[in-house]
Amino acid sequence: MPTPVVAGNWKMNTTLAEATALAAGVREGMKALRGVEVILCPPFISLAAVRDAVRGSSIKVGAQNMHFEKSGAFTGEVSAAMLQGLCDYVILGHSERRQLFGEDDGLINRKVKAAFAHGLRPILCVGETLEQRESGRAAQVVGQQVKAGLAGVHDITGLVVAYEPVWAIGTGRAATPEIAAEVMGGTIAEALRELFGAAAGQVPLLYGGSVNPGNVAGYAGQASIHGALVGGASLQAAQFVEIARATAAAKALS
Ligand code: PGA
């Protein structure tokens, strides 16, 4: 079984001071916790402060996005080379990037390759919209996102994949653990196995979309779900730590 992972996606929230305090709060709450890899993904401007706040602990840091080029005339963008030393992970292909910023599978694939080339671990996000689910196309859409996002990648060491149905993000309308497990243990696991064979079994698969301390155990109790990508509930240290604790506990039993 892959290592259980709980990642907090802070999105465009937290000032520098708030991010530092939140990271310190998570660190404090995580003191006695083992058996789960915890990742904090603050805004770019707080990466260095969060890295410093968790230094010496097992907590890891991730960025929320990056550009695929090394450097150049790309106003407002941040490259993988710039993230080296600041974080270990980078979220790529989040549905907000796809929907609000026009990112498509081809662009995301270039980012995934750039992340691997720079020793960053991509957290590749996939997920269908409500309209795609209701028209029976969820499996096809998600399978295609996995395959296109990883096209041309040969070594997936370090990869994490997050299944985040768009209709469940920030809506309070979480997918049931059964729906999530069907997509993750079925469509996503099969696509990864088709592409990478046995190595696919090492990829942590995270569920994301309205995860909270009250529902996380249901996801972590599924064999094909190895953790969570948490938005809203990651902005409260106590809630986020409880999600990590419940995930570690559920995975220790399975
Ligand atoms: P949410 O966000 O937990 O607030 O639904 C999850 C995400 O977008 O990663």
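Structure report, in brief.

Calculation rules
Residues numbered from 1 in each chain as written. Predicted model: local features only at pLDDT ≥ 70, side-chain atom pairs only at ≥ 80, totals over all residues. Heavy atoms only, no water. Helix = DSSP H or I, 4+ residues; strand = E, 2+ residues; numbered from the N terminus. Rg over C-alpha atoms; globule rule 2.2 N^0.38 Å. Buried < 20%, exposed > 50% of the residue type's maximum accessible area, 1.4 Å probe, protein only. Areas by Shrake-Rupley, 256 points an atom, 1.4 Å probe, with all protein chains shown as cover. Contact = heavy atoms within 4.5 Å. Pairing = 2+ DSSP bridges. Right-handed = clockwise from strand over helix to strand, strands pointing away.

Notes on the overall build of the protein chain
Here comes step 1: When its secondary structure is counted, the protein chain shows ten helices and eight strands.
Here comes step 2: Relative to its length of 254 residues, the protein chain is compact, with a C-alpha radius of gyration of 17 Å against a globular reference of 18 Å.
Here comes step 3: Its C-alpha atoms put the protein chain at 50 × 45 × 35 Å along the principal axes.
Here comes step 4: Taking all 254 residues of the protein chain together, 54% fall into the buried category.
Here comes step 5: Accessible surface for the protein chain amounts to roughly 10800 Å². Of this, 54% is attributable to carbon and sulfur atoms.

A short note on the side chain of Ser234
Here comes step 1: Of note, Ser234 is situated in the loop between β8 (227–230) and α10 (237–253).
Here comes step 2: Among residues more than four places away in sequence, those in contact with Ser234 are Gly8, Asn9, Trp10, Leu22 and Phe240.

Re the pairing of strand β6 (residues 160–163)
Here comes step 1: Burial along β6 is two-sided: Val160 and Ala162 and Val161 and Tyr163, pointing in opposite directions, are all buried.
Here comes step 2: Bridging between β6 and strand β7 (residues 205–208) involves three bridges; their strand directions are parallel. The residue of β7 that forms the bridge with Tyr163 is Tyr207.
Here comes step 3: Handedness of the crossover is the feature at issue here: the chain leaves β6, passes through helix α8 (residues 177–196), returns alongside β7, and the resulting connection is right-handed.

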